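An overview of the molecular structure
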2 protein chains.
Amino acid sequence: MSVRRATGPCRWEGVEVRAYKGEATHFAGVTRQVLFEGSARLPGQWRYFEVAPGGYTSLERHAHVHAVMVVRGSGAVLVGREVHPLAPQDLVEVPPLTWHQFRATGAEPLGFLCLVAAERDLPQHPDATQLAELRRDPAVAAFIRTGETPATP
Amino acid sequence: MSVRRATGPCRWEGVEVRAYKGEATHFAGVTRQVLFEGSARLPGQWRYFEVAPGGYTSLERHAHVHAVMVVRGSGAVLVGREVHPLAPQDLVEVPPLTWHQFRATGAEPLGFLCLVAAERDLPQHPDATQLAELRRDPAVAAFIRTGETPATP
């Protein structure tokens, strides 16, 4: 089919709403839809992610780049050591090997389109040393979510 | 900048609104914005096109594939010999070497995101023989716009 219709806000005919990832990484309330798989003639995979209110994507980095456009809701993103608020149609570029995480901060889900190379490396997740390094910056420490039980103060 | 904000509906900081193409092809009322240029780490170019009411993109085909999402307005698209109406969030895939054209049919502009391979072939435009062949199908003949003066009946 050359045309697949929207069946509702950010839902499409023939596009399955999937769990974001396996259980090995820490995230909360995220779904994933692959809009275009990519091919030799179009070497990019185009996805739509939706993060439930209060939810977050996994904190990760990788050599491949993310090109992102926010579609619905509001939220914030960590890119490197910068935290930016996000609103519909804002664009985000995540450079290679840069720690990043998206969070939904409003009352409705945060939805965004995300383009990646069809052939790409696997994400890396921070080990304890990298996490401690990230947390030296108070703004980063306050932002990131790892699914861990908070340390006793 | 890792984040570029939307400055209004389908306008972004640091993104220039350009003419669609040179004058060699027939189109009307179309602008083009490159949202992400693409790179070795992301071999796709992500663009936003906006077609003014009554306007149309050039009738063309090429070996590379288009992945499209409608963002605003209403319109219609020719893909091969099929004409489909378009509404926001509808998805369109244009296969290799398939004649296609987008038209804005409503009162507001038709805006769509379009993803292509960063390295791709140039579009081909129909010659008189190909145009005559396309026009054998009455639905296609009624749809396509080429900027030519209509033949005297």
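Residues numbered from 1 in each chain as written. Chains lettered and ligands numbered in written order. Predicted model: local features only at pLDDT ≥ 70, side-chain atom pairs only at ≥ 80, totals over all residues. Heavy atoms only, no water.

For the rest of this paragraph, the subject is the side chain of His84 of chain A. Tracing the chain through its elements places His84 of chain A in strand S9 (residues 82-86). On the basis of relative accessible area, His84 of chain A is assigned to the buried category, the value being 11%. The contacts of His84 of chain A, once residues within four sequence positions are left out, are Gly75, Ala76 and Val77 of chain A together with Ser2, Val3 and Arg5 of chain B. (Helix = DSSP H or I, 4+ residues; strand = E, 2+ residues; numbered from the N terminus. Buried < 20%, exposed > 50% of the residue type's maximum accessible area, 1.4 Å probe, protein only. Contact = heavy atoms within 4.5 Å.)

All right, on to the interface of chain A and chain B then. Contacts between the two partners involve 39 residues from chain A, matched on the other side by 39 residues from chain B. A combined buried area of about 3600 Å² lies between chain A and chain B, and 66% of that area is made up of carbon and sulfur atoms. The interface formed by chain A and chain B holds 2 salt bridges in total. Here chain A and chain B share 18 residue pairs in polar contact (both at pLDDT 80 or more) between them. Contributing elements (two or more residues each) for the side of chain A that touches chain B: strand S1 (3-4), strand S2 (6-8), strand S5 (28-36), strand S7 (66-72), strand S8 (75-79), S9, strand S10 (91-94) and strand S12 (110-117) of chain A. The class makeup of the residues in the side of chain A that touches chain B is 28 nonpolar, 5 polar and 6 charged. Pairing of S1 of chain A with strand S10 (residues 91-94) of chain B involves 2 bridges; the strand directions are antiparallel. (Buried area = accessible area lost by both parts, 1.4 Å probe. Salt bridge = Lys/Arg side-chain N within 4 Å of Asp/Glu carboxyl O. Polar contact = N/O pair within 3.5 Å; in protein donor to acceptor, adjacent residues only side chain to side chain. Nonpolar A, V, L, I, M, F, W, Y, C, P; charged D, E, K, R; others polar. Pairing = 2+ DSSP bridges.)

Before going further, it helps to examine the confidence of the model for chain A. All names here are of chain A. Confidence in the prediction of chain A, expressed as mean pLDDT, is 91, and 93% of residues score 70 or more. A low-confidence stretch, residues 149-153 (pLDDT under 50), is modelled with 0 contacts involving residues beyond four sequence positions or located in other chains. In the model output, the complex is listed with pTM 0.92 alongside ipTM 0.90. (pLDDT = per-residue confidence, 0-100.)

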